Every structure is written in C-alpha cells, then in structure tokens.
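Report on the structure
The primary structure of each chain is shown beneath.
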Amino acid sequence: MDDKVLIARRVARELKDGSLVNLGIGLPTMVPRYLPPGIEVYFQSENGIIGMAPVPGAGMEEPSLTDAGGGFVGAIPGAASIDSCLSFGLIRGGHLDLTILGGLEVDEQGCLANWTVPGKMLPGMGGAMDLVTGAKRVIVAMSHTAKGKPKILKRCTLPLTSVRRVNLIVTEMAVIEPTEEGLVLREIAPGLSIERVVAATEAKLIVSAHIPEMALGPDTM
Amino acid sequence: MNKFLSCTEAVEMIPDGASIMIGGFMGVGSPHRMIAEMVRQGRKDLTIIANDTGTTGFGIGQLVAAKRIRKLIASHIGLNPETQRQVIAGEMDAELCPQGTLAERIRAGGFGLGGVLTPTGLGTVVAEGKQVIDIDGHKFLLEKPLTADFALIAAHRSDYRGNLEYSLTARNFNVVMATAGRTVIAEPEHIVPTGGIPPDAVATPFVCVHHIVGRV
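Quick look at the structure, then. Quick caveat, the model's predicted, so the values are computed rather than measured.

**Thoughts on unusual backbone geometry**
Outside of glycine, negative phi angles account for most residues, and trans bonds account for most peptide bonds. Here Lys147(A), not a glycine, exhibits a phi torsion of approximately 50°, which is positive. By the secondary structure assignment, Lys147(A) is in the loop between strand 9 (145–146) and strand 10 (149–150). For Lys147(A), a count of 5 C-beta atoms within 10 Å gives the class exposed. The phi torsion at Leu168(B) lies on the positive side, around 45°, for a residue other than glycine.

Here's what the structure looks like:
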C-alpha cells in the first residue's frame, strides 16, 4: 500500500461523528476519502467556510467558493460562510474539534515544526500556529523519515509552530502518542518490527510489551 | 451623499508610500480593479497589509510583480515565489504574522482596542521582542493593533449608500479591514438600489465605507 494512503486510512479512524475538522494542505486532504461508514464530520476551511465539500460536478466551480489554497470547493446544505475573525475565533476559542496537519519535525515533548525552513523556504505560517495552538485535538500526519533521516527528534532543529503538545503522530511506520512522560509507541504498521521503528526514530520511544498492528479505515479506493 | 468614484479617481487619492489594507484570500475577494489601477498609475513604496500576496501576477501578486511593495505585513506568501524571492533578496521588508493574530490586530485597530492577548505564537519566533502577559495563570502574547491609511475592500454587492454584502469565501478579511482603514474604498461587483440589501444581510454598514468604485 502507498505510504500516504496508509497514513490517511489510519488517521481516518480518528474522526468522530459530528465533529468540526480542519485539514492542512497535502496528505491531510486525503483523509476524508477513508471515513468509516456512518461517520459525518464537518470541514472548516479557515478562509471562511464551515461545511466545505468537493465541487459537486464539472462546470460547477464558483470563484467565490474556495479552500485555503485558492482551489475550488463546494459546500454541504447548511454550510455557513464566516469572516476571518470568526474563523480564527472558532479555531483559538476551542470550537474546532480536530486539526490534521503535515509535519517537518516533531520533538520528544510533542512539539511540532512545520512552517519554515530558514534560508530555504519562507512560506509564512498562515493559519498553522493558530490551529496547533487552539484546536482541541492536533494530529500530525507525516512520513516517518525524510531522505532516510528521522523526523521525530529529541529536539526540533526547525522553528516551532507551537509549544503545545500535539495529541497524535501518525506515520507510515507507527502511531505515536506524545504524553507528559514522553513519546509512547501505540501501534506499528503491518509487517514492521519494533526495532525498525525505533531505529528510524531519533527521539526516545516508550515501548510496552505488546504493540498492536495499526488498524485502518475502510479501503474505499 | 454620493460616494461613487471611478476606479481611476479612487486610486488617484492614494499617494506613493501609503499604507493600504487589501481584502482577499489568495485573490478571492480582492479588489482586482483597484489593484490593477494602482499598477497602471505607478503607485509605489507601498506598505501592504493583507493575508497573502495571491499567486504570481494575480491579486496582490500584480503589485509584487511590478515591485511596488516596500513593506508587507501578511500571514502567508507560500504560493507566490516572487514575493519570497523579493523578501529573501532584501528588496521587500516582510513581517509574517499568524493569520488569526493578523485578523485580530486589524480588529483591534478598527475597534479602538489597545491590543490583543493571544496564546498563538508563544514560545516561537513570533514572540521575539513581544510582551508576555499572565492572566489568571494563563500566558498570552501581546500583539499590537494595526490600522492603515486606506482599506481597499471587495464586496459582492453595495447599495447606493455603501452597505456591503459579501459572497461565500470572498468575505474573509474584507469585513474586518473595512473598520480599520482611515479611508475605506469599496469595490462591489454589483450595485443595487438602497434597500436592495436587507438589513440582516449587511455585513459592513455604510458608515464604514467612504467611497464606492462605480462600474465605469
């Protein structure tokens, strides 16, 4: 299975019925494809809509209905358009149940760096700092390593997005929960050994006697 | 009172070196006619306050491509490589600000508040040089208000008085910026007789809008 599909299918199991969810760009946008049956979630796009949905059909794009990347989207019945102050009020104010974001690095304290690579990449933080600081639950969906080097480190080398501890890290190798005691290895990918996960992780992992295999959301593709 | 101007007249009010808030999010809900006219009239050395700079040559990207921005306050320039190039080369001074903080700083400016206390940015580079304030055991970053000489607003509809209605995600920063410019100029897609926008649908009341760009 493709690594990204594996991550998206595992993250999809974290979505709770009736929750308000904000997805970062890239991999996180794949997650809704693998929602378990019977689960309805509402997607917020921080540029100003609650109830974002795909464009319903060819030719139905509307220039004033877009996602945070400027791409055309649609909306569910009952959607609401909101201005930027309300949008971020919802994010910071504890009204957003979950955000799923990509990551460049996560450290042993569970802090995420995902907005800049000094000297190389200067995109600006956009809404990432507000989302990681304010969402009730933060899930980082990312590759376990980059060019063979660990991305889960003792300390982040890149500027942090927030000092808030994220709730869960899902990679193609493992599910890791940052806790006050440290990073707890919760699940490993099918066919992998614990040793391989530990070897691909710079930060210390807390490993219990029995680590279950990752359970995935339905294969809908 | 007739607030209507041509797009040319509206931009003629803006001097070189002005500070300008520009509504929109990746060019959606941006006042594209006024942006193009600023480029045409050669406006330069501008301080632009906006969520982003659009894409290359689109939206605020037109001002970037023509090198008219001296200082930028924005949250995201990732989709405009030319903005990043000018910032890294030192041709443009950029202050990057978290998106929610940017919205609230503008709101503070427009609403007569002395600043905003937000948890966003605590412990990161955003907090450098800023005051941290403890409120009942919780730490917050003090972020200062933003105002500008002009706010250029894009609306779906304006009535003859300047009551504004927005469409879907084209609403974004327009609503709050319409409170924070010393001169507020609206560029509506449609103009309807006063009363054509029901009171409950007015998102920006006419008292905030000083000028309206007409269709010609």
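**Things to note about the sheet that holds strand 7 (residues 132–135) of chain B**
Residue and element names in this part refer to chain B. On the basis of which strands lie adjacent, the open sheet formed by 3 strands has the order 6-8-7 and antiparallel pairing. Single-partner strands in this sheet number two, and they are strand 6 (116–118) and strand 7. When strand polarity is set aside, the average angle formed by the axes of neighbouring strands in this sheet is 45°. Bridge count between strand 7 and strand 8 (residues 138–143): 4 bridges; the pairing is antiparallel. From the neighbouring strand, Ile-133 faces strand 8, where its bridge partner is Phe-140. Set on the sheet, helix 5 (residues 99–111) makes contact with strand 6 and strand 8; between it and strand 6 the angle comes to about 160°.

**A short note on helix 5 of chain B**
With 13 residues, helix 5 of chain B should reach 18 Å at 1.5 Å per residue; the first-to-last C-alpha distance of 18 Å fits that figure. Burial of helix 5 of chain B is extensive: 12 of the 13 residues sit out of reach of the surface. Turning to helix 5 of chain B, its buried residues number three or more, namely Gln99(B), Gly100(B), Thr101(B), Leu102(B), Ala103(B), Glu104(B), Arg105(B), Ile106(B), Arg107(B), Ala108(B), Gly109(B) and Gly110(B). Tucked into the core, helix 5 of chain B has its buried residues touching helix 2 (84–92) and helix 3 (128–134) of chain A together with strand 2 (19–22), strand 6, strand 8 and helix 6 (174–177) of chain B. Note on helix 5 of chain B: the residue one or two positions beyond its end, Gly112(B), has a positive phi of about 75°.

Thresholds, definitions, all that
- Residues numbered from 1 in each chain as written.
- Chains lettered and ligands numbered in written order.
- Predicted model: local features only at pLDDT ≥ 70, side-chain atom pairs only at ≥ 80, totals over all residues.
- Helix = DSSP H or I, 4+ residues; strand = E, 2+ residues; numbered from the N terminus.
- Buried ≥ 20, exposed ≤ 12 C-beta atoms within 10 Å, placed from the backbone.
- Pairing = 2+ DSSP bridges.
- Axes fitted to C-alpha atoms, helices over the stretch in contact; angles between N-to-C directions.
- Contact = placed C-beta atoms within 7 Å.
- Expected span 1.5 Å × (residues − 1).

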